[in-house]
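Geometric and topological summary
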Amino acid sequence: MLEAVTQGFLYPNEVEVLWSLLIVLYPYITGLVAGAFIVSSLYHVFGREELKPVARFALVAAFSFLLFACTPLLFHLGHPERAFNIMFTPKFTSAMSGFGYIYTFYLIIVALEIWFVFRPDMVRLAQESIGLKKLFYSVLSLGVFDVSEKALHLDHKITTFLAAVGIPSACVLHGYVGFLFGSLKSNPWWSTPLMPVIFLMSAIVSGIAVLIVSYAIIMKLRGKTVDSACMQSLCGYLWGFFIVDVTLELLELLSMGYEGEESWSAISQLIGGRLQFSYVVLQLIVCSTIPMVMLGIVSLWKLKESTRNTLGIISSVLLLIQVLAMRWNVVVGGQLFSKSLRGFTSYMPSFLGREGLLVALILFAMPFVTMYIINRILPYWEKE
Amino acid sequence: MGHFNHIIRLCVVLIAVVIGFFIVRGFFVPKSFGTYGSYQYGYHRGDSDAEQENMYALYQGTEKCAKCHEKLIKDSRAGGHAAVACEACHGFWQAHNKNTKDTVPRDTTVESCMSCHEKVTGRPDFLPQINSFAQHMKDQEEAFEPDLKCIDCHNPHVPL
Amino acid sequence: MCLCKRRGSMYGLIRTRVFTRDNDMNADRRKFIKQTGWTLLGSGILVSVGSFFPAAGRAMQKGSSHELYGFIVNTHRCIGCGKCVQACKTENHVPEEFFRTWVERYIITADDTVYVDSPHGAVHGFKDTEVKGNIEKSFFVPKLCNHCTEANCVQVCPVGATYTTKEGVVLVDEKHCVGCGYCVQACPYGARYIHPERRTADKCTWCYHRVKKGLMPACVVVCPVEARLFGSLKDPESRVARILREERIGVLKPETGNSPKTFYVGLDKEVR
């Protein structure tokens, strides 16, 4: 972390920002997980057939992001080798203690769902390949090659069940992060009962947005076109969830400003000062109004397919930025003002170092690499 | 009927993982870990208390100094520094403990006295304070010499 | 029981093996094997899971035979010399850039502007102020961990590394702490920090290692004007208990509900 620029009075221990860029990245990644999983469940549980083209991809995306969700935390911890203490001796009065079990449980649910969804492919690949590959796929399918109709029917039921169990699990996985911040009475920028819901809604928004962008890019790379009904549906859901999300965010701000508690003088200075660009310009104005209008046009009018796709993709990119800005504003913003309400500090991540920009970029890229690797092992795009 | 072999195997794998976790946990959690009192405030590794208790104490308090320097301390009770601990100016006792022939630090500079007695905004009125050494000499109508120190007029153990 | 590829399942294997002429005896044998198997599995699970829950049997020590400590800060007396900060740093090997205790100076001018400063935690005391204008009042406020009765820093520790001892002192088990920093965020008073070398949470311990030996905390020892006092809240004749009965007492941020055990005499409304 680069040298902080302070203004006013801070408690002597407060000058350095403790929860850094990596702690901004962590809820961002779990948010993408939640959103991608919701899309997958919309198909598997609620039977939205138009989402079939992205259903498997969404599931794999959720799994890939989930695999790397804990890595920013491991890089941040003072003692990552003791990380398992959170599962060995959890103290359940702490929201953070939920992380170990909720994460593991949800990881197992998603892994199981992928296993059941991909089982026919695993069995087919086991039977078609030879040597080491055959062994690999046989182990992966646990040595059972039963793909009769009855077995597949059972698999389908279980998949539906897992997807249904997965939805509240995804909500808890991301909601607990919101509660972690929202329940902290010592920080007036964080402390609000709305925090878990805001986090969850923006998570779903970012998840759908990343699916739209990834889907468009991958289809372009494969030389194919995106499925029209699928894209339309995704944009529609994105708009809906975003409306709820932005309503809650504005409500929180309005409520704070209206009540005008003692902390408001410090918070309003924070918003007008150090957070002016990331909060006012990015989160509230540019990356909210433009996608809101674009997605509204997409959802309410029948547009030419290319126009609709372009608007959808631009909105998704802007929303990905909006949600990242929101995470930054909450996590870093809450640490930029003193608990004495009399001073401000600054934060600029370094490029190198354990919690620097480079590490963050690499950790964020890893899930995409994983998705590519999974596609090589168990191809999840439709063969045409 | 009978098409759930793969599910049975899956369950076996999962249960093995869960049991394996608890076995591994048994190795890593210290035996003294538990709830002492309430779960919210007392859930911790019991041995930690004794470890913290047994840490080395550097400062020892004026009573310890009195064991050898009784008269000096008794006399100081009559003056303005009665409530000031020896270690406040002379540093912690343990530095003296290794070899009592080693003297504790004795900072006789003006700065040392001024750290408490300089007039600084915020200091309450009961404390005797001066603006500066030169000003104080002037007020006392004494000649100012550059090498002069506070202790040349004031006994640091029994000041006014 | 091996996994027979031909039959394709464990279940199939059991079926072929026991399907003999003497069905009744083998049916019993099969039943017995099944029951034993389930019992062993169930017990295995119970024992593993049971070992997981905190030892509920370890109750607090019998009776109220242990102490209860409290701390008093008298802002009428503090002269801002910084000796307490130095002593604490020496006694507890506190790193240079962080503070287990520090002193703040408040200067309030006639136009109700409040200036607060704490130059490097006041480890070298204070210099005279550059504040212009008519200074109405100014005073020093020493700060340290409040060792709250209902410390929310203890509540939010995810691994049980920070806790309250039976004497009411809040400590950090540095061998168990993972350095997540949640307690640092939770503390409303800014009393905690992450130790740069140990990479665990750290804070004022009321010199637990000293008070258990019958000594005073280091900051209390060196304070030349008795602005800091430490003692028993249980013993009604202790200095701390008497002051609590006789003086007007305040605590920092009472609205948090943390019930701090560091009490202030002369706490001004501007102090946060």
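About the criteria used
- Residues numbered from 1 in each chain as written.
- Chains lettered and ligands numbered in written order.
- Predicted model: local features only at pLDDT ≥ 70, side-chain atom pairs only at ≥ 80, totals over all residues.
- Heavy atoms only, no water.
- Helix = DSSP H or I, 4+ residues; strand = E, 2+ residues; numbered from the N terminus.
- Buried < 20%, exposed > 50% of the residue type's maximum accessible area, 1.4 Å probe, protein only.
- Contact = heavy atoms within 4.5 Å.
- Areas by Shrake-Rupley, 256 points an atom, 1.4 Å probe, with all protein chains shown as cover.
- Rg over C-alpha atoms; globule rule 2.2 N^0.38 Å.
- Lys, Arg positive; Asp, Glu negative; His and termini not counted.
- Charge placed at Lys NZ, Arg CZ, Asp CG, Glu CD.
- Patch = residues over 30% accessible without salt bridge, like charges linked within 9 Å, V, L, I, M, F, W, Y side chains within 5 Å.
- Salt bridge = Lys/Arg side-chain N within 4 Å of Asp/Glu carboxyl O.
- Buried area = accessible area lost by both parts, 1.4 Å probe.
- Polar contact = N/O pair within 3.5 Å; in protein donor to acceptor, adjacent residues only side chain to side chain.
- Expected span 1.5 Å × (residues − 1).
- Bend = angle between axes of the 7 residues up to and from the residue.
- Nonpolar A, V, L, I, M, F, W, Y, C, P; charged D, E, K, R; others polar.
- Pairing = 2+ DSSP bridges.
- Axes fitted to C-alpha atoms, helices over the stretch in contact; angles between N-to-C directions.
- Core = buried A, V, L, I, M, F, W, Y, C linked by side-chain atoms within 4.5 Å.
- Parallel < 35°, antiparallel > 145°, perpendicular 65-115°, else oblique.
- Left-handed = near helix turned anticlockwise from the far one by under 90°.

Let us now look at the overall build of chain C. For chain C, the count of helices and strands is eight helices and 11 strands. Considering chain C as a whole, with its 272 residues, one finds that 54% of them fall into the buried category. Residue pairs in contact within chain C that sit at least 24 positions apart in sequence constitute 60% of those at least 6 positions apart. Summing over all exposed atoms, chain C offers an accessible surface of approximately 13,100 Å²; the carbon and sulfur share of this is 55%.

Turning our attention to the overall build of chain A. Secondary structure summary: chain A contains 13 helices and two strands in total. Taking 2.2 N^0.38 as the reference for a compact globule, 384 residues should give roughly 21 Å; the C-alpha atoms of chain A span a radius of gyration of 22 Å, in line with that estimate. Referenced to the eigenvectors of the C-alpha coordinate spread, the extents of chain A come out at roughly 70 × 55 × 35 Å. By residue count, 58% of the 384 residues in chain A fall in the buried class. Of the contacts made within chain A by residues no fewer than 6 positions apart, 80% connect residues no fewer than 24 positions apart. Element-wise, carbon and sulfur atoms account for 70% of the exposed surface of chain A, whose accessible area totals about 15,800 Å². Within chain A, one finds 25 positive and 23 negative side-chain charges whose respective centroids are separated by 7 Å.

Glancing now at a negative patch on the surface. Together, A:Glu16, C:Glu96, C:Glu97 and C:Glu197 line one region of the surface with negative charge. Locating A:Glu16 in the fold gives a position in the loop between strand E1 (7-8) and helix H1 (21-44).

The parts lose accessible area when they come together, and the size of an interface is often stated as this lost area. Taken together, the 64 residues of chain C in the interface contact 50 residues of chain B. A combined buried area of about 4,800 Å² lies between chain C and chain B, and 59% of that area is made up of carbon and sulfur atoms. Run the count over chain C and chain B and you get two salt bridges. Among the ionic pairs, B:Glu51 bridges to C:Lys175, the shortest N-O distance being 3.3 Å. Between chain C and chain B we count 16 residue pairs in polar contact (both at pLDDT 80 or more) in total.

If you check helix H5 (residues 98-128) of chain A, its first and last C-alpha atoms are 43 Å apart, about what 31 residues at 1.5 Å a residue would give, namely 45 Å. At A:Phe118, H5(A) is bent by approximately 60°, the largest bend along its length, and proline A:Pro120 sits one to four residues beyond.

All names here are of chain A. For the coordinates displayed, the defined rule picks out 22 salt bridges over all chains. Across the pair Arg124 and Asp121 runs a salt bridge whose closest N-O atoms are separated by 3.3 Å. Pair noted here: Arg124 and Asp121 are both in helix H5, with a separation of three residues, about one helical turn. Overall, Arg124 belongs to the partly exposed group, its relative accessible area being 38%. When its relative accessible area of 12% is taken as the criterion, Asp121 is described as buried.

Turning our eyes to something else, we now look at the interface of chain A and chain C. Each partner contributes to the interface: chain A provides 39 residues, whereas chain C provides 50 residues. When chain A packs against chain C, the two sides together hide about 3,500 Å² of surface, and 53% of this comes from carbon and sulfur. Taken as a group, A:Tyr11, A:Asn13 and A:Arg342 account for 20% of the area that chain A buries against chain C, more than any other trio of residues on that side. Taken together, chain A and chain C are joined by two salt bridges. The partner of C:Glu270 in a salt bridge is A:Arg342, and the shortest N-O contact between them spans 3.1 Å. At the junction of chain A and chain C, the tally comes to 30 residue pairs in polar contact (both at pLDDT 80 or more). Here the side of chain A that touches chain C gets four residues from one element, more than from any other, and that element is helix H4 (residues 85-88) of chain A. In terms of residue class, the side of chain A that touches chain C is built from 18 nonpolar, 13 polar and eight charged.

Further remarks concern the pairing of strand E11 (residues 262-265) of chain C. All names here are of chain C. Side chains Thr262 and Tyr264 of E11 all project onto a buried face; the interleaved residues Phe263 and Val265 project onto the opposite face, where all are buried too. Pairing of strand E1 (residues 69-74) with E11, which is carried by four bridges, proceeds in the parallel orientation. Paired with Asn74 across the strands is Val265, a residue of E11. Sheet analysis places strand E10 (residues 249-250) next to E11, joined by two bridges and oriented antiparallel. Considered in E11, the bridge of Gly250 is made with Tyr264.

Adjacent strands of a sheet form backbone hydrogen bonds with each other and so pair up, either parallel or antiparallel. Residues and elements named next belong to chain C. Judged by pairing direction, the sheet is antiparallel, and its three strands sit side by side in the order E3-E2-E4 without closing on themselves. In this open sheet, the two edge strands, each paired with only one partner strand, are strand E3 (114-117) and strand E4 (135-144). Adjacent strand axes in the sheet meet at a mean angle of 20° when their direction is disregarded. Here nine bridges tie strand E2 (residues 101-109) to E4, and the two strands are oriented antiparallel to one another. For Ile107, the partnering residue across the bridge sits in E4 and is Ser138.

The subject of this paragraph is the nonpolar core. Counting 200 residues, the largest nonpolar core has A:Trp19, A:Phe181, A:Trp189 and C:Tyr182 as its most contacted members. In terms of residue count, the dominant contributor to this core is H1(A) (17 residues). Beyond its immediate sequence surroundings of up to four residues, A:Phe181 is in contact with A:Trp19, A:Trp190, A:Ser191, A:Met195, A:Phe199, A:Val330 and A:Val331. Membership of the second largest hydrophobic core comes to nine residues, among which are B:Leu58, C:Ala87, C:Cys207 and C:Ala218.

Residue and element names in this part refer to chain A. Running from amino to carboxyl end, helix H8 (residues 195-222) crosses helix H9 (residues 228-259) at an angle of 150°, the nearest separation of the two axes being 9 Å. The angle between H8 and H9 falls in the class roughly antiparallel. The interaxial crossing formed by H8 with H9 has left-handed handedness. For the contact of H8 with H9, the residue count by class is 19 nonpolar, one polar and three charged.

Residue and element names in this part refer to chain C. Read across the open sheet, the four strands follow the order E9-E1-E11-E10; overall the sheet is mixed. One side of each edge strand has no neighbouring strand; the edge strands of this open sheet are strand E9 (228-232) and E10. Summarising the sheet, E1 and E9 pair through five bridges and their orientation is antiparallel. Its bridge partner being in E9, Phe71 is matched across the sheet by Phe230.

Residues and elements named next belong to chain A. On the surface, a cluster of nonpolar side chains totalling about 550 Å² of accessible area is made up of Phe351, Leu352, Leu357, Leu358, Leu361 and Ile362. Here Leu357 lies in helix H13 (residues 357-377). On the basis of relative accessible area, Leu357 is assigned to the partly exposed category, the value being 36%.

On to the environment of C:Thr101, then. All names here are of chain C. Within the secondary structure, Thr101 sits in strand E2. Spatially, the C-alpha atom of Thr101 lies 7.7 Å from that of Cys84, the residues being 17 residues apart in sequence. When sequence neighbours within four positions are dropped, the list of residues in contact with Thr101 reads Cys84, Val85, Cys88, Lys143, Leu144 and Arg228. A distance of 2.7 Å separates the side chain of Thr101 from the side chain of Arg228, its partner in a polar contact.

Quick look at the environment of B:His81 now. With respect to the element layout, B:His81 can be found in the loop between helix H5 (70-76) and helix H6 (86-90). In this structure, the C-alpha to C-alpha distance between B:His81 and B:Gly26, residues 55 residues apart in sequence, is 58 Å.

Inspection of the secondary structure assignment puts A:Ser288 in helix H11 (residues 276-300). In contact with A:Ser288, not counting residues within four places along its chain, are A:Phe242, A:Val246, A:Leu282, A:Gln283 and A:Gln322.

For an α-helix the count is 3.6 residues per turn, leaving residues at separations of three or four pointing the same way. The first and last C-alpha atoms of H1(A) sit 35 Å apart over 24 residues, in line with the 34 Å expected at 1.5 Å per residue. The element H1(A) is largely enclosed, with a buried count of 24 among its 24 residues.

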